[in-house]
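Each chain, letter by letter, is given below.
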Amino acid sequence: MKKRAGALALIFAIIFVFCSCSDDVNNKKSSTQPTTQEPSTANKTDNNDFTDKYAAVDLTFGYDGLENEAQRACYKAMAEISGVITDTTSDSNSYLTEEKFISMEVKDKDIFIALTAYKYDNPGDFWVKESFTSSHYNGGAGIRLCSYYSAEELSRKRAEFDNKVSEILEPIESGMSEYDRELYLHNYLIENCEYDNKVAELINNNIPSDSEEAFTAYGALIDGNAVCQGYSDAMSYLLSCVGIENTEISGTSQGGNHIWNAVKIDGDWYYLDVTWDDQKDQVYQYDYFNITTSQLEYDHTIAETFGNMTEEEITGGESNLGRNFNIFIPDCTVQSENYYVKNGAVLQGFDEESDNVMGEELLKVALSEDAYYNIYVDEDYVDYENACEQLFDPYIYHFQNYVDYANNRLSEYQIDYSAAIIKKDKLNVITVKLTYI
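The rules behind the values
Residues numbered from 1 in each chain as written. Predicted model: local features only at pLDDT ≥ 70, side-chain atom pairs only at ≥ 80, totals over all residues. Heavy atoms only, no water. Salt bridge = Lys/Arg side-chain N within 4 Å of Asp/Glu carboxyl O. Helix = DSSP H or I, 4+ residues; strand = E, 2+ residues; numbered from the N terminus. Buried < 20%, exposed > 50% of the residue type's maximum accessible area, 1.4 Å probe, protein only. 1 Å grid on protein atoms, 1.4 Å probe; cavity = no way out; pocket = protein on both sides within 12 Å on 5 of 7 lines; lining within 4 Å. Points joined across faces, edges and corners; volume = space filled by probe spheres on them. Nonpolar A, V, L, I, M, F, W, Y, C, P; charged D, E, K, R; others polar. Core = buried A, V, L, I, M, F, W, Y, C linked by side-chain atoms within 4.5 Å. Contact = heavy atoms within 4.5 Å. Pairing = 2+ DSSP bridges.

Peer 1: So what's going on with the pattern of salt bridges? Residues and values would help.
Peer 2: Within the structure shown, the criterion is met by 16 salt bridges. Measuring nitrogen to oxygen at the nearest pair gives 3.8 Å for the salt bridge that ties Lys264 to Glu245. Of this pair, Lys264 sits in strand β10 (residues 256–265) while Glu245 sits in the loop between α9 (228–241) and β9 (246–253), and the two are 19 residues apart along the sequence. In this structure Glu245 comes out as partly exposed when scored by relative accessible area, which is 32%.

Right under this line is the structure:
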């Protein structure tokens, strides 16, 4: 499995280093209220522009989860200025947006929370850094966001990005289910994006990386190289373009920071981790496709929501190293749209009727000469460990019945009776590696 631990360490370090007071205009206070400026309208591409086959959805789970008017005012200000890039740069050489003034008392904690919510809701704003500058005065504050690019460079990159999104979505046909749209986008990312191990290794060793695009949807879709942030941003934006509600979830895995998606399919929530599904060995390619909370927590830990954290934990205080957090966390309990439930052979017993069903599923796999036969054990009917014993115990070897069924209907080649198995107990799945003779 790829090393993914710590892939978000840099991005959150950037947030908390930049956001506190590293820029020369941060936290300057004034005794008089400045004149309000209204930023010019940003020419932002609407996610409805990419396909007329499905109505796009606006992601609002971040905004809906904000807890007070100050946070909502900050979020709205960010939406106004995010695409309005000026020639002014910060001490850290970020391009700054126009400044938006808010006529109410705003704490930096509120800006931190609002920016996280905004980024979750706007994964297509790949130029917006997880950093800001703020100026505070009596009864109000001014906010500027930071951009990776100048206005001129951003214009070129947005056109390139928009063209790529249109290209990706063009093959999606009318009438596809939400599941099939999600599966297509999942497979596209896996086939066209490589996990950036070099950037990840630098981050895991606390070495700054200048490959900032690896953390963005632009890096995933244009460069074809990304870490988990880029994968999840790209997936989130593409899903929104084809009408599928979703959000991003922060947490940890294998001891390091990580981020993935939560997707709402036919009214129910599921977790989706495209980064961890992007494996060279296809045996693991769908292990994180629409899984439950309990399945996810086998090797992921979900970060707390901001309401359960102190101000210092959110902002980092004097250390500038705050903790990552979530705005909205759905409860994922349904398995009906899980990949293996939808596409695997569902085992519900060992009688003749069940044998024929399982044999027919194996035959379909064999006719395509696929390397793997996935068995989903329905524990409403069969205990998982008992199923493994019944199927592959050398004295029982019930799997032989399925092979007999398929081989009797195959003419040009046969399935070997010996098989390598991969037990995926957290998923109730047994993956059988087939050999043809």
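Peer 1: Hey, could you go over the layout of surface pockets for me, with residue numbers and the actual values?
Peer 2: Here the second largest pocket is characterised by a volume of approximately 410 Å³. Contributing elements (two or more residues each) for the lining of the second largest pocket: α13 (339–343), α14 (352–367) and β15 (372–377). Along the lines of polarity and charge, the residues of the lining of the second largest pocket split into 9 nonpolar, 6 polar and 3 charged.

Peer 1: Report on the nonpolar core, specifying residues and quantitative values.
Peer 2: Val165, Leu169, Leu185 and Tyr271 are the most contacted members of the largest nonpolar core, which has 95 residues in total. With residues up to four places along the chain from it excluded, the contact list for Leu185 reads Ile168, Leu169, Ile172, Met235, Leu238, Leu239 and Val242. Tyr373, Tyr384, Tyr402 and Ile430 belong to the second-largest nonpolar core, a separate cluster that totals 27 residues.

Peer 1: Explain the sheet that holds strand β13 (residues 301–302) to me, using residue names and the numbers behind them.
Peer 2: Taken in spatial order, the 5 strands make up an open sheet running β12-β11-β10-β9-β13, and their pairing is antiparallel. At either margin of the open sheet sits one strand with a lone partner, and together these are β12 (289–291) and β13. Taken together, the 2 bridges between β9 and β13 define a ladder with antiparallel strand orientation. Looking across to β13, one finds that Thr252 is bridged to Thr301.

Peer 1: Summarise the environment of Ala77; cite the residues concerned and give the values.
Peer 2: In this fold, Ala77 is placed in helix α3 (residues 69–81). According to the relative accessible area criterion, Ala77 is buried, its value standing at 2%. In sequence terms Ala77 and Lys100 are 23 residues apart; their C-alpha atoms lie 6.1 Å from each other. Once residues within four sequence positions are removed from consideration, Ala77 is found in contact with Lys100 and Ile102.

Peer 1: Before we move on, could you go through the side chain of Ser232 and cite the residues and values that matter?
Peer 2: Considering the arrangement of structural elements, one finds Ser232 in helix α9. Not counting residues up to four positions away in its chain, the partners in contact with Ser232 are Glu248, Ile259, Trp260 and Asn261.

Peer 1: Kindly report on the environment of Thr293, identifying the contributing residues and their values.
Peer 2: Here Thr293 lies in helix α11 (residues 293–296). For the pair formed by Thr293 and Tyr270, sequence separation is 23 residues and the distance between their alpha carbons is 7.8 Å. Setting aside chain neighbours within four positions, we find Thr293 in contact with Tyr271, Ile302, Pro330, Asp331 and Cys332.

Peer 1: If you had to explain the pairing of strand β5 (residues 128–137) to someone new, which residues and values would you point to?
Peer 2: Across a regular strand the side chains alternate sides, sitting on one face of the sheet and then on the other. In terms of burial, β5 is largely enclosed, as 10 of its 10 residues are buried. The sheet contact formed by β5 and strand β6 (residues 140–147) spans 7 bridges and is antiparallel. Within β6, the position partnered with Tyr137 by the bridge is Gly140. Where β5 folds back onto β6 in an antiparallel hairpin, the turn is made up of 2 residues, including Gly139, whose phi is positive at roughly 80 degrees.

Peer 1: Quick one: what's the story with unusual backbone geometry, residue by residue and with numbers?
Peer 2: Although it is not a glycine, Asp266 adopts a positive phi angle of roughly 50 degrees. Topologically, Asp266 is positioned in the loop between β10 and β11 (268–272). In the Ramachandran plot, Glu369 falls in the positive-phi region, its phi being about 55 degrees despite a non-glycine side chain. Looking at the element boundaries, Glu369 is found in the loop between α14 and β15.

Peer 1: Explain the pairing of strand β2 (residues 85–89) to me, using residue names and the numbers behind them.
Peer 2: Bridge count between β2 and strand β3 (residues 95–97): 2 bridges; the pairing is antiparallel. Each residue of the ladder has a partner; that of Thr89, found in β3, is Tyr95. Taking the residues that link successive antiparallel strands as the turn, the β2-β3 hairpin has 5 residues, and the phi of Asn93 there is positive, at about 65 degrees.

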